[in-house]
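Survey of secondary and tertiary structure
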Amino acid sequence: MKIRRLFLIAAAVVLNASASFAQATAPSPAPSTSPEPGETTANVAEFTVRGTSFTPGSDQARFMRYRDLRDGGTLDLLRYTKSTDAHIYNVQADHVGYRDQRFSLSANDFGKVKASFEYNQIPLFFSEDTKTLFSPEAGSANVLRIDDAVQAGLQNKTLPYASVDALAQPFDLRLKRNIADFKATYSATRAIDLNVWLRSTGKAGNQPWAGTFGFSDAVELPVPVQTRTTDLGLGIEWAGGRGSARVGYDGSFFRNDLGTLVWDNPLRITDSPTLGPLQGRMSLWPDSNMNAGSVSGLLNLPARSRVTAYISLGNWTQDNLLIPFTVNSALPSIPLDRTTSDAQARVTSMNYSFNSRPTNEVSFTARYRLYDFDNRTPVFHVARTVAYDTSVAAFPEGGTSPYSINRKTFDAEVSLTPLRYSSFRAGYTREQIDQTFRSFDTTTEDTVRLSADASGINWLMLRAVYEHAKRVGSGFDQEALDDIGEQVSLRQFDISDRTSNRVSLVMQVTPVSALAINGLVSAGNEDRGATVFGLRSNDSRGYSLGFDYVPRPSISLGASYEWERYTSLQASRQANPGPQFNDPTRDWTTSGADKASTFNASMDLIKLLRKTDIRLSYDLSHAESLYVYGLAPVTTLATPVQLPAVVNELQRGTVDVRYRFTTHFGAGFVYWFDKYAVNDFAQGEQTLTTIAQPSFLMIGYLTRPYTANTFSGRFTYYW
Amino acid sequence: MKSIFVTALLMCAASVSAAQKPPAPAAGYVGDDTCVACHDNKDKQLRTTLHGKAQNVRTPSANANQSCETCHGPGKEHSETGDKAKIRAFASMKPRDVSEVCVGCHNRSTHAQWKGSMHDARNLSCITCHSVHSPKAERAQLKAASVTETCVTCHRTEVSKLQRFGHMPVREGKLECTSCHNPHGSTNVRMLKVGNWVNETCVSCHAEKRGPYLWDHAPVREACNTCHDPHGSNNERMLVAKLPMLCQRCHIGTRHPSTIYDGAQLAARSNRIIGRGCVNCHSQIHGSNSPAGNTFLR
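The residue count restarts for each chain, going from 1 along the sequence in the order it is written. Following the order in which they are written, the chains are lettered starting with A and the ligands numbered starting with 1. Local features are withheld for residues below a pLDDT of 70 in this predicted model, meaning they are given only at 70 or higher, and side-chain atom pairs are given and counted only at 80 or more; totals for whole chains, interfaces and linings count all residues.

**A short note on the overall build of chain B**
Basically, it comes down to this: Strands here mean DSSP runs of E at least two residues long; helices mean DSSP runs of H or I at least four residues long; both are numbered from the N terminus. What the globule rule says is 2.2 Å times the number of residues to the power 0.38, and the radius of gyration is computed from C-alpha atoms. Exposure classes come from backbone-placed C-beta atoms, where a residue is buried if 20 or more other C-beta atoms lie within 10 Å of its own, exposed if 12 or fewer do, and partly exposed in between. In this description, any two residues whose backbone-derived C-beta atoms lie within 7 Å of each other are considered to be in contact.
Counting its regular elements, chain B contains 14 helices and zero strands. Put simply, chain B runs from its N terminus to its C terminus through helices and strands in the order α-α-α-α-α-α-α-α-α-α-α-α-α-α. Against the compact-globule benchmark of 19 Å for 298 residues, chain B has a radius of gyration of 27 Å, which places it well outside the compact range. Taken over the C-alpha atoms alone, chain B extends approximately 85 × 55 × 30 Å along its principal axes. Relative to its full complement of 298 residues, chain B shows a buried share of 52%. In chain B, once contacts between residues fewer than 6 apart in sequence are set aside, the share between residues at least 24 apart is 45%.

Here it is, written out as structure tokens:
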């Protein structure tokens with residue numbers, strides 16, 4: 001009923017905007033003649049030759065994680081624009097011939113058609129020193145096999161497990177996205193635009209993945225990825241003095257060429273009903289569709305007021321064939337409740353707002369938002385399941401839990417601008433979330449916020465905000481925790497009762513026009529007083545200080561330093577079913593502390609030396625994460641051995657010199673120093689010295705340091 | 001319900017009635033020639049931007065001989081007296097008055113939600129980030145050289161996170177703040193550009209995680225940022241805490257989720273703390289479509 005009412009309001013607004021459309025459309029005035037006919041040029045082609053030297057042991061893949069920085073030459077940058085009074089054409093290219101190349105074309109026939117096309121590649125280079133016993137079966141990229149002799153040797157214990165490291169084949173672990181993106185806008189009239197966009201994203205390569213056959217037989221895998229997502233958008237939009245209206249369609253279609261993954265069990269060459277299977281099988285990302293239609297309207301009202309409405313109705317579907325419970329031929333076959341997933345969700349989103357500025361000093365906004373994720377997937381009944389392709393087990397929960405979420409948000413705020421440069425805002429938000437299959441049926445969060453802003457003053461910019469929020473859950477369902485074997489006093493942190501406060505102050509002072517000093521102070525805390533087990537608190541502190549100094553147009557320099565700290569406290573109980581489960585002497589806590597320091601400095605000398613631009617920069621990011629375990633005052637647990645801190649430090653320095661010989665020709669060089677230091681107890685080479693870890697056959701995907709010195713020379717042509 | 005419907009109809013009627021009023025006649029305009037006599041450089045700058053392309057009937061330049069006064073207002077008094085207070089000088093106007101002028105034309109598409117948006121509420125105006133006459137960026141007429149340099153003015157903490165170990169390819173130039181956010185306001189939360197909820201923005205690129213799955217993982221369905229910090233973190237995959245500690249915030253039940261994975265477990269190379277932690281086994285943590293995927297192992 002409520003949804004129907006909201007629909008009616010939306011329809012009224014949209015209809016109103018449409019009615020106004022007919023009256024506001026007016027003949028277009030004749031375009032004036034530009035005083036400067038002809039072309040403007042801002043075209044550049046830059047050719048570079050690059051070479052990088054690494055210190056021994058450097059992780060070159062980490063250095064090139066989202067880029068392709070191999071040695072060699074390239075057309076590094078092309079920018080060509082042809083512009084007249086009637087149209088503009090633009091051609092761009094970046095890093096041509098490499099895995100991170102990008103090309104784009106755009107055209108704008110002013111006032112008529114605007115279109116662009118971009119082809120962009122984004123590589124993800126995980127590792128160059130990974131190795132594995134697995135290799136794809138001929139003709140089946142999603143079937144990963146181990147040499148039968150190795151499996152047999154391990155099963156029969158004639159081959160020492162530790163020796164498999166030497167048998168593994170090295171490979172590069174990498175992924176790449178290829179994105180083709182087309183967008184066009186046709187301006188049918190002064191008031192009406194037609195929009196279309198089409199994007200096709202292909203993803204190919206391998207990524208770290210895992211398959212397991214039990215607690216003591218986990219396997220890390222280079223899962224093959226061959227997917228394509230096609231996104232399509234269409235819209236027609238009218239905008240005039242009275243308001244605007246838009247009708248749109250968005251579709252997204254995900255397709256996976258490899259719907260399943262089959263991989264060998266390194267420890268077995270035969271299926272067994274008790275000792276495990278010879279192989280495992282899992283479903284990979286299923287094909288899915290998303291279709292959504294939306295209507296929106298905006299209506300300008302008197303007293304600088306306006307009302308907006310937006311409705312989107314979406315349908316998400318996923319109906320892939322289901323694989324059997326297990327690939328282990330030695331286990332009994334369990335019938336499927338149905339043969340396809342038949343997963344579907346109706347997604348309804350509405351957004352209504354009213355904004356008014358009745359006087360120059362007062363602005364008021366009220367919004368109502370609804371987001372309803374109505375999961376209509378029928379429960380898939382499961383009486384017995386198969387764990388790890390190894391054993392059949394009863395499934396007391398009885399079936400799947402198709403989570404639905406309904407969010408209703410009301411927000412109102414008033415902004416006062418008593419002086420030209422100042423603004424004070426007070427706001428209130430109430431968000432109610434109804435959800436299914438969770439320990440709380442409903443969570444409600446009330447938030448009040450205050451902010452003060454000073455902007456537009458030549459010497460001062462100040463922005464301060466304070467926010468206080470309280471979230472309370474209702475309809476607690478103890479069974480939801482009991483069913484999954486959790487302590488009933490656990491509170492899952494995404495829905496637990498919470499009181500939070502957040503304050504931040506951003507300031508920039510410009511005592512003289514050449515100097516600007518900026519600073520930031522922020523603090524936040526989250527207290528979850530009702531939580532016995534789970535995340536109890538989550539706090540943050542931070543500050544920053546920096547300056548920019550431009551003593552003359554040819555010299556500019558700046559530096560900034562920022563420090564942040566995030567702390568958390570979570571509680572647990574190390575217990576098995578039985579007497580341990582309610583034994584408070586088995587309680588323990590984890591105190592987390594994440595600290596980060598960021599320093600940046602730069603200096604630009606633009607034409608300080610004749611025809612020469614020099615840019616220097618240095619960046620440092622140092623982060624440490626420490627997790628400290630604590631025990632109850634009276635404990636029966638062994639004293640924990642504390643973990644070392646995880647440290648990541650990235651340093652970058654660049655010297656970039658450009659010299660312009662003539663109007664058309666320039667040259668230059670770049671020196672780039674890049675150093676990454678890491679100490680990660682879980683993924684570092686100090687821990688993972690072999691892929692044959694106890695109970696875990698890995699692929700050697702590590703976090704390793706690197707130090708790179710890159711020199712690149714450039715030749716630039718301007719026209 | 002009736003009352004709401006009646007109110008909506010009344011709004012309709014009021015709007016139609018307002019729309020029928022003729023526009024106020026323009027007065028006090030002097031034309032571009034007069035403006036250019038003193039502000040020649042501003043005019044030249046304008047001509048190099050899209051605002052200066054008269055072919056587009058929606059640009060200020062399309063208003064014959066009134067390209068300056070379309071935005072700056074009638075200039076007669078100003079030109080006669082030289083009084084700077086007699087013309088719209090944006091730098092000295094209230095931010096909302098500035099925006100009022102801009103959204104007079106920029107009233108559609110990505111700009112439609114500006115009024116009442118977070119940035120509007122914080123007293124930012126269009127010229128806080130954009131320059132009509134002397135932009136520095138390659139596109140969008142930004143005052144700073146890039147989107148990130150623009151946003152860092154206020155959002156330093158978020159930009160600093162881009163330098164962390166786990167990060168999106170922003171510092172590599174493959175994404176920028178506006179890849180996910182619409183700074184002009186949106187119908188989504190957090191000024192997200194695409195979709196109607198956080199997850200819809202994320203799955204617009206990570207469509208493989210969209211589902212719905214046979215076995216959904218509740219916090220994943222709730223919000224991706226329950227576990228990930230999209231701006232970057234000290235942990236792999238931009239997780240807000242390291243594994244297994246992050247998972248142990250919700251999973252403390254029997255057996256292995258409730259175990260202290262300490263230095264002794266590390267020394268024993270437990271497969272629940274080395275490598276990628278819990279997802280060494282629970283690889284389908286975003287959801288599983290296998291009938292046996294209830295614990296996201298298949």
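**Observations regarding the overall build of chain A**
Broken down by element type, chain A carries five helices and 35 strands. Dimensions of chain A, computed from C-alpha atoms along their principal axes, come out at roughly 85 × 70 × 55 Å. Looking at the 719 residues of chain A, the share that counts as buried comes to 35%. Counting only contacts in chain A whose residues sit at least 6 apart along the sequence, the fraction spanning at least 24 positions is 63%.

**Here we look at the confidence of the model for chain B**
All names here are of chain B. Rules: The quantity known as pLDDT measures the predictor's confidence residue by residue, on a range of 0 to 100.
For chain B, per-residue confidence averages 88 on the pLDDT scale, and residues scoring 70 or more make up 91% of the total. Of the regions scoring below 50 in pLDDT, residues 1-25 engages in 29 contacts with residues more than four places distant in sequence or in other chains. Per the prediction output, this complex has pTM 0.92; the corresponding ipTM is 0.92.

**So, the sheet that holds strand 7 (residues 140-145) of chain A**
All names here are of chain A. Our working definition: In this analysis, strands are considered paired if DSSP registers two or more bridges between them. What counts as an axis is a line fitted to C-alpha atoms, over the stretch in contact for a helix, and the angles between N-to-C directions run from 0 to 180 degrees.
If you trace the four strands from one edge of the open sheet to the other, you get 6-7-12-13, paired in mixed fashion. Here the strands that pair on one side only, and so sit at the sheet edges, are strand 6 (135-137) and strand 13 (279-283). Neighbour-to-neighbour, the strand axes of the sheet open up by a mean angle of 35 degrees, direction not taken into account. As paired elements, strand 6 and strand 7 share three bridges and run antiparallel to each other.

**Some thoughts on the interface of chain B and chain A**
Note the threshold: Note that Gly is not counted as nonpolar here; it falls among the polar residues with everything else outside the nonpolar set of Ala, Val, Leu, Ile, Met, Phe, Trp, Tyr, Cys and Pro and the charged set of Asp, Glu, Lys and Arg.
Each partner contributes residues to the interface: chain B has 107 residues there, and chain A has 157 residues. Mapped by element, the contributors of at least two residues to the side of chain B that touches chain A are helix 1 (2-19), helix 6 (95-102), helix 10 (156-161), helix 13 (218-222) and helix 14 (263-267) of chain B. Examining the composition of the side of chain B that touches chain A, we find that 10 residues originate from one element, helix 1 of chain B, more than from any other. For the side of chain B that touches chain A, the per-class residue count stands at 44 nonpolar, 39 polar and 24 charged.

**Some details on helix 6 of chain B**
Helical geometry: 3.6 residues make up each α-helical turn, so side chains three or four residues apart lie on a common side. Worth spelling out the cut-off: An arc is given here, and it is the one of the directions from the helix axis to the C-beta atoms.
Within the sequence span of helix 6 of chain B, burial applies to P95, R96, V98 and S99 of chain B. Buried residues of helix 6 of chain B, seen end-on, are gathered within an arc of 155 degrees and therefore sit on one face of the element. Of the surrounding secondary structure, the elements contacted by the buried residues of helix 6 of chain B are strand 16 (343-359) and strand 17 (362-375) of chain A together with helix 7 (118-121) and helix 8 (126-129) of chain B.

**Observations concerning the nonpolar core**
Heads up, the condition is: Definition of nonpolar core: a set of buried Ala, Val, Leu, Ile, Met, Phe, Trp, Tyr and Cys residues joined via C-beta atoms within 7 Å.
Judged by nonpolar contacts, the single largest core of 70 residues is most densely connected at A210 and L221 of chain A together with L239, L243 and L246 of chain B. Mapped onto this core, the elements with two or more residues apiece are helix 2 (60-63), strand 5 (113-132), strand 7, strand 9 (192-212), strand 10 (218-240), strand 12 (260-264), strand 30 (612-631) and strand 34 (696-697) of chain A. Residue contacts for L239 of chain B: discarding those within four places in its chain leaves G166, C227, H228, S233 and L246 of chain B. In this structure, A292, W316, F373 and I405 of chain A belong to the second largest nonpolar core, which totals 21 residues.

**Points about the pairing of strand 4 (residues 102-109) of chain A**
All names here are of chain A. Pairing between strand 3 (residues 87-94) and strand 4: eight bridges, direction antiparallel. Within strand 4, the residue paired with Y89 across the bridge is A107. In this antiparallel pair of consecutive strands, strand 4 and strand 5, the connection spans three residues, and G111 shows a positive phi of 80 degrees.

**As for the environment of R528 of chain A**
Residue and element names in this part refer to chain A. Considering the arrangement of structural elements, one finds R528 in the loop between strand 26 (515-527) and strand 27 (533-552). A sequence separation of 326 residues divides R528 from G202, and the C-alpha atoms of the two residues are 43 Å apart. Dropping the residues within four chain positions of it, R528 is found in contact with R491, S496, D497, R498, L535, R536 and S537.

**Digging into the pairing of strand 22 (residues 440-454) of chain A**
Residues and elements named next belong to chain A. Both strand 21 (residues 422-435) and strand 22 contribute to a ladder of 13 bridges, which runs antiparallel. Its bridge partner being in strand 22, F424 is matched across the sheet by A452. Taking the residues between adjacent antiparallel strands as the criterion, strand 21 and strand 22 are bridged by four residues, where F437 takes a positive phi near 65 degrees. One ladder, built from 14 bridges, connects strand 22 with strand 23 (residues 460-476); its direction is antiparallel. Bridging from a neighbouring strand, R449 pairs with E467 of strand 23. Where strand 22 folds back on strand 23, the antiparallel hairpin that results is connected by five residues, among which G456 adopts a positive phi of roughly 90 degrees.

**Some thoughts on unusual backbone geometry**
The linkage connecting G211 of chain B with the following residue, P212 of chain B, adopts the cis geometry, with an omega of 0 degrees. Tracing the chain through its elements places P212 of chain B in the loop between helix 12 (198-202) and helix 13. With an omega dihedral of 10 degrees, the bond running from L243 of chain B to P244 of chain B counts as a cis peptide bond. Examined against the element boundaries, P244 of chain B turns out to sit in the loop between helix 13 and helix 14. A positive phi angle is found at K607 of chain A, which is not glycine, with a value near 60 degrees. Within the element layout of this structure, K607 of chain A appears in strand 29 (residues 587-609). Here K607 of chain A falls in the exposed class, since 12 other C-beta atoms lie within 10 Å of it. Look at N65 of chain B: it is not a glycine, yet its phi comes out positive at around 60 degrees.

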